[in-house]
Amino acid sequence: MSKEEKLIIKILFKKEDLKKNDFCKINFENLIKIASSHLMLPALYINLKNKKSLSNIPKDLAYYLKEIYSLNRSRNEVIISEANEIALKFKNQKIDYIFLKGTSMLLGNYYKNIGERMIGDIDILVADKDFRKAINILKEMKYFNKNSTKISLSNHFPRLLHNKKMIAVEIHKEILHFRAEKINKQEILNQKVRLNNNKFIPNNYFQIIHNVYNYQLNDHGYLKATYSFRSIYDILKIIKENTHFFDKKYDKIIRCYFIVLDYILKTH
């Protein structure tokens, strides 16, 4: 593990203060490449700022990180607005659904700062009985599918775009691309959490399970024996709200994930 990667771990995951010596002989170009590959530049900026360590990096780099963070915060504000609009339509049509992944964590206030999490699409899991109905509602809202009107071989309907909106929407019929039985879809819907603004997200237990399987299976982390700082960052945000998670027994895919997580947290 490079010195730059160890510093990123200390910035993102360690509680102790950063020291000027931590930044000595750091290749900042390599540090940015690593953090960017993990989609963690906004979180890197926020944690450096919170630990009063922006002065320990080059000024042009601090400015660059601030710009990335500002753009991401603005984008996430749009995601919240678009999710609110979709949630209202789904409520009126009595759609059984939950927001997934980064959008669900953003809506669930898992992050103290909404700009620290990078999010791609708005992911939504819909009950089988409402799957086609949900797609039709979005099409009535002027979302469209660029390539096909057929259900893809993936776990979701092809991405839905909008000419006047910057965020794509993915309607999921299954949570995982394969080995869907690892997560009981109906159970996650039955135990969903209603937010005070009538939006729905998974409970903490399923937030953790989905996060782990999404990286280990959908993103092939288990197969390639790799790890994701963004996934680990999310898990640590959730575990603060779910301290009993480790009291249960899990399969080797989940156990391997937490072995790696434990290694990351113990890295100096």
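Up top is the structure.
If you're wondering where the values come from, they're calculated on a predicted model, not measured in any experiment.

Q: Would you mind going over the pairing of strand 5 (residues 165-172) in detail, with residue names and values included?
A: Side-chain direction in a regular strand flips from residue to residue, so the side chains alternate between the two faces of the sheet. The buried fraction of strand 5 amounts to 6 of the 8 residues, a majority that puts the element mostly inside the structure. Here strand 2 (residues 122-126) runs beside strand 5; their pairing, made up of 4 bridges, is parallel. Paired with aspartate 123 across the bridge in strand 5 is glutamate 170. Two elements, strand 4 (residues 160-162) and strand 5, share 2 bridges in a ladder whose sense is antiparallel. Each residue of the ladder has a partner; that of leucine 160, found in strand 5, is valine 169. Here strand 4 folds back onto strand 5, and the loop between the two strands holds 2 residues.

Q: Residue-level account of the sheet that holds strand 3 (residues 143-145), with values.
A: A sheet is described by the order of its strands in space; here 5 strands give the open sequence 1-2-5-4-3, paired in mixed fashion. For this open sheet the edge positions go to strand 1 (97-99) and strand 3, each flanked by a neighbour on one side alone. The sheet shows a mean angle of 30° between the axes of neighbouring strands, direction not considered. Bridge count for strand 3 against strand 4 is 3 bridges, and the pairing is antiparallel. Its bridge partner being in strand 4, phenylalanine 144 is matched across the sheet by leucine 161. Where helix 4 (residues 59-92) meets the sheet, it contacts strand 1, strand 2, strand 3 and strand 5, and its direction lies at approximately 50° from that of strand 5.

Q: Can you tell me about empty space enclosed by the protein, naming the residues and giving the values?
A: For the structure shown, the criterion picks out 1 cavity of 30 Å³ or more. One number sums up the size of the largest cavity: a volume of about 30 Å³. Leu7, Ile11, Phe23, Phe28, Leu31, Leu48, Ile57, Leu61 and Leu65 together form the lining of the largest cavity. Broken down by secondary-structure element, the contributors of at least two residues to the lining of the largest cavity are helix 1 (3-13), helix 2 (28-37) and helix 4. Looking at the lining of the largest cavity residue by residue, the classes come out as 9 nonpolar, no polar and no charged.

Q: Quick rundown of helix 3 (residues 41-50)? Include the residues and the values.
A: Burial runs high along helix 3: 8 of the 10 residues are buried. When we look at burial in helix 3, the residues that qualify are Leu41, Pro42, Ala43, Leu44, Tyr45, Ile46, Asn47 and Leu48. The inward-facing, buried residues of helix 3 abut helix 1, helix 2, helix 4 and helix 10 (229-239). Immediately downstream of helix 3, the backbone of lysine 52 shows phi near 55°, a positive value.

Quick notes on the rules
Residues numbered from 1 in each chain as written. Predicted model: local features only at pLDDT ≥ 70, side-chain atom pairs only at ≥ 80, totals over all residues. Heavy atoms only, no water. Buried < 20%, exposed > 50% of the residue type's maximum accessible area, 1.4 Å probe, protein only. Helix = DSSP H or I, 4+ residues; strand = E, 2+ residues; numbered from the N terminus. Pairing = 2+ DSSP bridges. Axes fitted to C-alpha atoms, helices over the stretch in contact; angles between N-to-C directions. Contact = heavy atoms within 4.5 Å. 1 Å grid on protein atoms, 1.4 Å probe; cavity = no way out; pocket = protein on both sides within 12 Å on 5 of 7 lines; lining within 4 Å. Points joined across faces, edges and corners; volume = space filled by probe spheres on them. Nonpolar A, V, L, I, M, F, W, Y, C, P; charged D, E, K, R; others polar.

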